[in-house]
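Each chain is listed here by its residues.
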Amino acid sequence: MAIGERIRFLRNLKGMTQKWLGMAVGFDEKTADIRMAQYESGTRTPKENLTNDLAKVLEVSPAALNVPNIDSYVGLMHTLFALEDIYGVKIEETDGDVCLRVDTSKGNSAANLHKMLFAWLETAKKFYDGNITKEEYDEWRYHYPEFDTTQKWVKVPSQQISDIFTEAKKSSKSK
């Protein structure tokens, strides 16, 4: 799905008009709807700063707007081929179904993708089981990775720093 289609999809999801969205990102009232129609139709492509502004108004991550070109089945297939090359995604058959699997032996990129897919799976299961709403699920997806609570994307202090803090804590207790 091209960026214009993503803008239209998310705008409609939020119940916004082209004119309202265009004015919200700073276009003149007279041309706001025309400009947004040009972006949504693919006649124009927004620059990075406009993409960031659109994402802010649409309340999504800029990455949710910049997806690969999957407008055709051929484009989608080449995207999947690239995932195979870069991230070790493999196509397999399981019980008569076509499945995609990440081969984690293909290195750090594959291992990281595998972790991210499991985070998605965990959140999707919460939605499917009724533990979160569709709105919460969409919020997670459209703000990924900011709202991902399943991953440990924080820096862990080195053992040496940890030992210093532990020793300092022990010293303060003994006083």
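It should be emphasised that the depicted structure is a prediction, and the values quoted were computed from it without experimental measurement.

About the cut-offs
Residues numbered from 1 in each chain as written. Predicted model: local features only at pLDDT ≥ 70, side-chain atom pairs only at ≥ 80, totals over all residues. Heavy atoms only, no water. Helix = DSSP H or I, 4+ residues; strand = E, 2+ residues; numbered from the N terminus. Polar contact = N/O pair within 3.5 Å; in protein donor to acceptor, adjacent residues only side chain to side chain. Contact = heavy atoms within 4.5 Å. Pairing = 2+ DSSP bridges. Salt bridge = Lys/Arg side-chain N within 4 Å of Asp/Glu carboxyl O. Buried < 20%, exposed > 50% of the residue type's maximum accessible area, 1.4 Å probe, protein only. pLDDT = per-residue confidence, 0-100. Phe/Tyr/Trp six-rings, centres within 6.5 Å; stacked < 30°, edge-to-face > 60°.

Moving on, we come to the side chain of His-143. Counting through the fold element by element, His-143 comes out in the loop between helix H8 (134–142) and helix H9 (159–174). A polar side-chain atom of His-143 sits 2.7 Å from the main-chain carbonyl oxygen of Glu-59. In contact with His-143, not counting residues within four places along its chain, are Glu-59, Val-60 and Ser-61.

Strand direction decides the pairing type here: strand S1 (residues 89–94) and strand S2 (residues 97–102), joined by six bridges, are antiparallel. Residue pairing for S2: Val-89 is matched across the bridge by Val-102. Linking S1 to S2, which pair antiparallel, is a turn of two residues; within it Asp-95 sits at a positive phi near 50 degrees.

Under the definition given, this model contains six salt bridges. With a closest N to O distance of 3.4 Å, Glu-59 and Lys-14 form a salt bridge. Residue Glu-59 is found in the loop between helix H4 (48–58) and helix H5 (62–65), and its partner Lys-14 is found in the loop between helix H1 (3–13) and helix H2 (18–24); the two are separated by 45 residues along the sequence. A relative accessible area of 34% places Lys-14 in the partly exposed class. For the salt bridge of Arg-101 with Glu-92, the shortest nitrogen-to-oxygen distance reads 2.5 Å.

Let us look at the confidence of the model for the protein. Detailed reading of the predicted model is not advised wherever pLDDT is low. Within the protein, residue pLDDT values average 85, and 85% of them lie at 70 or more. H2 holds the highest mean pLDDT among the elements of the protein, 97, whereas H9 holds the lowest, 60. The model gives residues 153–158 a pLDDT under 50, and that stretch makes two contacts with residues more than four places away or in other chains.

A word on the environment of Ile-132. With respect to the helices, strands and loops of the structure, Ile-132 is situated in the loop between helix H7 (108–128) and H8. Judged by its relative accessible area of 18%, Ile-132 is buried. If we ignore the near neighbours within four places in the chain, the residues touching Ile-132 are Thr-123, Lys-126, Phe-127 and Tyr-137.

Taken as a whole and judged by the stated rule, the model has five aromatic pairs. Taking the centre distance of 5.8 Å and the plane angle of 50 degrees together, the rings of Phe-127 and Tyr-128 count as tilted. For the ring pair Phe-127 and Tyr-137, a centre distance of 5.0 Å and an interplane angle of 5 degrees mean the geometry is stacked. Taken together, the residues Phe-127 in helix H7 and Tyr-137 in helix H8 connect sequence positions 10 residues apart.

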